[in-house]
Amino acid sequence: MVGTIGRADDIEFEQKQLVAAQAAVQDAKRNSSLNTLSVCLLVLTVLASFYTLYFTSDLVLPFVLAGVLNLLLSGPMRFLNQRLRVPKPLAALLLIVALFGLVGAIGAAISVPASGWISKAPQSLPALQQKLSFLNGPIHAVQGGMKKLQSLMDQTSAQQPGVRTIAVQQSGTSGLTSVGSSILVGTRAFLGQMFSMLLMLFFLLYEGDSLLRRFVEIMPTWADKRRAVQIASEIERNVSLYLATITVMNLLVGSLNFIQCWLLGVPNPLLWGVLAFLLNYIPIIGPFTGIVVYFFVGLFVFPSALHALLPPAIYFGIHLMEGETITPLLLAKRFTLNPVLVMASLLFWDWLWGIPGAFLSVPLLAVFKIVCDHVESLTAIGHIVGGPEKKKRRLGSSLPFSRAAS
């Protein structure tokens, strides 16, 4: 009798365990489905955000540029307002006029020599081809391969000759009109974006602090208020330091390249110094483009291709000295970013917004890391975005924060 009762208890206990296990399996399946749904929703949200940023770039990009310039000018703005007692509207207006007055002066100074080089380029092409005659063999081989590939594609395509002829005739008759209209449309869009950026920058300098104060006031808890203030202050401190540091270093790079062009006898050295200054704002791709440009300038100026290698070689040496030694020492203690993610950010924002996106790629990645470091659920992502800690000094020389990592 006792044995029967014991077996019944064991069976009941096993049934309860089986039910509990089935319930646990069901809960696991439900949680797994919820996690999968959450991931899918997150991916769709990110894709929708990028889609919106791509198609609203004319509206969003001026505001982002204004925000970054506001971080750069926040220090001078406080100096004018708090130390010199200049009213905020007047101080903001003075900073904007000074910044874009300097940009306009540089543009006016280099526009004439730049147009002269562009006008002389067609006349110098025969001499350039003669200096690069040693590349004729590889170029002809590549052209032959491209022609064969094109012929194969033409054979497999089902294009209609009549439609192609009509398209060619129409393009020949309306080419000039389309070019002129595209220039007018592009100029109008650029001026509109510039006006939007200046207007937004003025109000950010004038009322940016009060906007942040209002945002902090609506935070529900004291911890949230403190976190918001920490994120805002760290973003301003690090990004403004980054922009100020690379601006000073780019001025140094531009000045050294101006001196080297002047010493080597390259015409219009101011033009090439300003070009080196501007290109150095874009990580990796900018200096590489500068090396190529300096090489072709050397081909136009010097008698041989070997002699033309001197300006880009000096340019590369200056970039190594600045980007691999000086800038990492200035910025490595403040902020580090993963070089791989910096390169990915550069390519992505360049594809999304073009040259302005390439300029904004590092500041935007820095802002993303700062936000991740202060949000508990995103700290793992912030750790991934950050540069290596143990090898920071050694790897910092490979790609600095101003160029890639720090």
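See the structure above.
Now for a quick tour of the structure.

Rules behind the numbers
Residues numbered from 1 in each chain as written. Predicted model: local features only at pLDDT ≥ 70, side-chain atom pairs only at ≥ 80, totals over all residues. Heavy atoms only, no water. Helix = DSSP H or I, 4+ residues; strand = E, 2+ residues; numbered from the N terminus. Buried < 20%, exposed > 50% of the residue type's maximum accessible area, 1.4 Å probe, protein only. Contact = heavy atoms within 4.5 Å. Phe/Tyr/Trp six-rings, centres within 6.5 Å; stacked < 30°, edge-to-face > 60°. Expected span 1.5 Å × (residues − 1). Bend = angle between axes of the 7 residues up to and from the residue. Core = buried A, V, L, I, M, F, W, Y, C linked by side-chain atoms within 4.5 Å. Axes fitted to C-alpha atoms, helices over the stretch in contact; angles between N-to-C directions. Parallel < 35°, antiparallel > 145°, perpendicular 65-115°, else oblique. Left-handed = near helix turned anticlockwise from the far one by under 90°. Nonpolar A, V, L, I, M, F, W, Y, C, P; charged D, E, K, R; others polar. 1 Å grid on protein atoms, 1.4 Å probe; cavity = no way out; pocket = protein on both sides within 12 Å on 5 of 7 lines; lining within 4 Å. Points joined across faces, edges and corners; volume = space filled by probe spheres on them. Patch = residues over 30% accessible without salt bridge, like charges linked within 9 Å, V, L, I, M, F, W, Y side chains within 5 Å. Areas by Shrake-Rupley, 256 points an atom, 1.4 Å probe, with all protein chains shown as cover. Salt bridge = Lys/Arg side-chain N within 4 Å of Asp/Glu carboxyl O.

**Thoughts on the overall build of the protein**
Thinking step 1. Check the secondary structure of the protein and you find 14 helices and zero strands.
Thinking step 2. For the protein, the α and β elements follow one another from N to C terminus as α-α-α-α-α-α-α-α-α-α-α-α-α-α.
Thinking step 3. The proportion of buried residues among the 406 residues of the protein is 30%.
Thinking step 4. Across the protein, every contact between residues at least 6 apart in sequence was considered, and the portion connecting residues at least 24 apart equals 73%.

**Let's talk about the packing of aromatic side chains**
Thinking step 1. For the structure shown, the criterion picks out 13 aromatic pairs.
Thinking step 2. Seen in terms of ring centroids, Phe-277 and Tyr-281 are 5.4 Å apart; in terms of plane orientation they differ by 85°. Their pairing is edge-to-face. Both residues of the pair, Phe-277 and Tyr-281, count as buried.
Thinking step 3. An aromatic cluster of three or more residues is present, and its members are Phe-50, Tyr-51, Tyr-54, Phe-55, Phe-348, Trp-349, Trp-351 and Trp-353.

**Looking at helix H2 (residues 57–83)**
Thinking step 1. Its 27 residues give H2 an end-to-end C-alpha distance of 38 Å, which sits within 8% of 39 Å, the value for a rise of 1.5 Å per residue.
Thinking step 2. Of all the bends in H2, the greatest, near 50°, is centred on Leu-73, and the proline Pro-76 appears no more than four residues after it.
Thinking step 3. Arg-85 occupies a position one or two residues after H2 and carries a positive phi of about 60°.

**Topic: the nonpolar core**
Taken as a class, soluble globular proteins show a tendency for nonpolar side chains to be buried jointly.
Thinking step 1. Formed by 38 residues in total, the largest nonpolar core has its most connected members in Leu-201 and Leu-205.
Thinking step 2. Secondary structure elements with two or more residues in this core: H2, helix H3 (88–131), helix H5 (161–217), helix H6 (222–264), helix H11 (339–353) and helix H12 (355–374).
Thinking step 3. When sequence neighbours within four positions are dropped, the list of residues in contact with Leu-201 reads Ala-66, Leu-69, Asn-70, Leu-73, Ile-96 and Phe-100.
Thinking step 4. The next biggest cluster of nonpolar side chains, apart from the first, holds 15 residues, and it includes Val-253, Val-274, Ala-276 and Tyr-294.

**With respect to unusual backbone geometry**
Thinking step 1. Residue Arg-85 is not a glycine yet carries a positive backbone phi of 60°.
Thinking step 2. A positive phi angle, near 65°, is found at Ile-284, a position not held by glycine.
Thinking step 3. Relative to the elements of secondary structure, Ile-284 occurs in the loop between helix H7 (269–279) and helix H8 (285–301).

**Points about the packing of H11 against H12**
Thinking step 1. With their axes 7 Å apart at the nearest point, H11 and H12 run at an angle of 140° to one another. Between H11 and H12, the angle is such that the two are oblique. Seen along the crossing, H11 lies across H12 with a hand that is right-handed. Of the residues in H12, those touching H11 at Leu-341, Val-342, Ser-345, Leu-346, Trp-349, Asp-350 and Trp-353 are Ile-355, Pro-356, Gly-357, Ala-358, Leu-360, Ser-361, Val-362, Leu-364 and Leu-365.
Thinking step 2. Taken together, the residues of the contact of H11 with H12 break down into twelve nonpolar, three polar and one charged.

**Here's the deal with the side chain of His-374**
Thinking step 1. Relative to the helices and strands, His-374 is located in helix H12.
Thinking step 2. Ignoring sequence-local partners within four residues, the contact set of His-374 consists of Arg-227, Gln-230, Ile-231 and Glu-234.

**Some details on helix H10 (residues 310–331)**
Thinking step 1. If you check H10, its first and last C-alpha atoms are 30 Å apart, about what 22 residues at 1.5 Å a residue would give, namely 32 Å.
Thinking step 2. Along H10, the sharpest change in direction is near 30° and occurs at Glu-322.
Thinking step 3. Listing the buried residues of H10 in full gives Pro-311, Pro-312, Tyr-315, Ile-318, His-319, Glu-322, Gly-323, Thr-327, Pro-328 and Leu-331.

**Description of the layout of surface pockets**
Thinking step 1. In this structure, the largest pocket occupies an estimated 1700 Å³ of space.
Thinking step 2. Val-103, Phe-277, Leu-278, Tyr-281 and Phe-359 are the residues nearest the centre of the largest pocket, which is lined by 47 residues in total.
Thinking step 3. Among the secondary structure elements, those contributing two or more residues to the lining of the largest pocket are H2, H3, H5, H6, H7, H8 and H12.
Thinking step 4. For the lining of the largest pocket, the element with the most residues is H7, which contributes ten residues.
Thinking step 5. Quantified by volume, the second largest pocket comes out at close to 990 Å³.
Thinking step 6. Together, 34 residues line the second largest pocket, and Asn-70, Leu-71, Leu-212, Ala-232 and Ile-235 are the ones closest to its centre.

**Things to note about a nonpolar patch on the surface**
Thinking step 1. On the surface, a nonpolar cluster with roughly 570 Å² of combined accessible area is contributed by Leu-37, Val-39, Leu-41, Val-43, Leu-44 and Leu-47.
Thinking step 2. Tracing the sequence through the fold places Val-43 in helix H1 (residues 2–55).

**Describing the pattern of salt bridges**
Charged atoms that come close allow side chains of opposite charge to pair.
Thinking step 1. Tallied over the full model, the rule gives five salt bridges.
Thinking step 2. Overlapping salt bridges bring together Arg-78, Lys-88, Asp-209 and Glu-236 as one network.

By themselves, these figures tell us nothing about what the structure is for.
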